[in-house]
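Observations on chain architecture
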Amino acid sequence: MASNRLKFRIKGMTCAACVARVERAVAWVPGVEKVNVNLANETMYIQALKEVSVDAVIDAVKKSGYEALYQDDQEKSIKLKVKGMTCAACSARVEKILKKQPGVTEASVNLAEETALIKAGPETDLEKMAEATRKAGYEIEIVKKRFSS
């Protein structure tokens, strides 16, 4: 049978025991062949049969006490120009807004360069993201978009 590699973002882990708990829970999901969780970058890669249920994997992680977000192959790295920031509090606020957007898995704002770098899935609505930042008093525009491998 053919298998594929799936990537998930895991939130809430704080130690090696957390990693072990997640790995044990996911290993029991039908179709999962191999599980590898990385605490430092909060990711989990699984080798699984094509028929594995992503929802079953997410549910197993949730039952073990953590949050899992599926990251498909269509995740994009997007560089944004951010206008209107004047201080570290501004950049922290913009970063918080970006991280709250659906599909955004990472966000990092650079005050000095007036930029933000995000990683986002296909469900991320850039217009809604722009509107959310506008409501907070900042403007964003896309500088560069590329698909991750």
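The following paragraphs examine the structure supplied in this document.

What counts, and at which threshold
- Residues numbered from 1 in each chain as written.
- Predicted model: local features only at pLDDT ≥ 70, side-chain atom pairs only at ≥ 80, totals over all residues.
- Heavy atoms only, no water.
- Pairing = 2+ DSSP bridges.
- Helix = DSSP H or I, 4+ residues; strand = E, 2+ residues; numbered from the N terminus.
- Axes fitted to C-alpha atoms, helices over the stretch in contact; angles between N-to-C directions.
- Contact = heavy atoms within 4.5 Å.
- Phe/Tyr/Trp six-rings, centres within 6.5 Å; stacked < 30°, edge-to-face > 60°.
- Buried < 20%, exposed > 50% of the residue type's maximum accessible area, 1.4 Å probe, protein only.

1. Observations regarding the pairing of strand E1 (residues 3-11)
Two strands pair when backbone bridges link them, and E1 and strand E3 (residues 43-49) are joined in this way by 7 bridges, in the antiparallel orientation. Bridging across to E3, Arg-9 finds its partner in Thr-43. Bridging between E1 and strand E4 (residues 67-71) involves 5 bridges; their strand directions are antiparallel. Note on E4: the bridge partner recorded for Phe-8 is Tyr-70.

2. Topic: the sheet that holds E3
Read from one edge to the other, the open sheet built from 4 strands follows the order E2-E3-E1-E4, with strand pairing classed as antiparallel. Strands with a single pairing partner mark the edges of an open sheet, and in this sheet they are strand E2 (32-38) and E4. Going across the sheet, the axis of each strand differs from the next one's by a mean of 25 degrees, ignoring polarity. As defined by bridge partners, E2 adjoins E3 across 6 bridges and the pair is classed as antiparallel. Residue Val-35 lies in a different strand from E3, and its bridge partner there is Ile-46. Contacting E1, E2 and E3, helix H1 (residues 16-27) runs over the sheet at an angle of about 165 degrees to E2.

3. Structural notes on the packing of aromatic side chains
By the definition in use, this model includes 1 aromatic pair. Note on Phe-8 and Tyr-70: the rings are 5.4 Å apart at their centroids and 55 degrees apart in plane angle, and the pair reads as tilted. Of the two residues, Phe-8 sits in strand E1 while Tyr-70 sits in strand E4, which places them 62 residues apart along the sequence. Residue Tyr-70 is classed as partly exposed on the basis of its relative accessible area of 35%.

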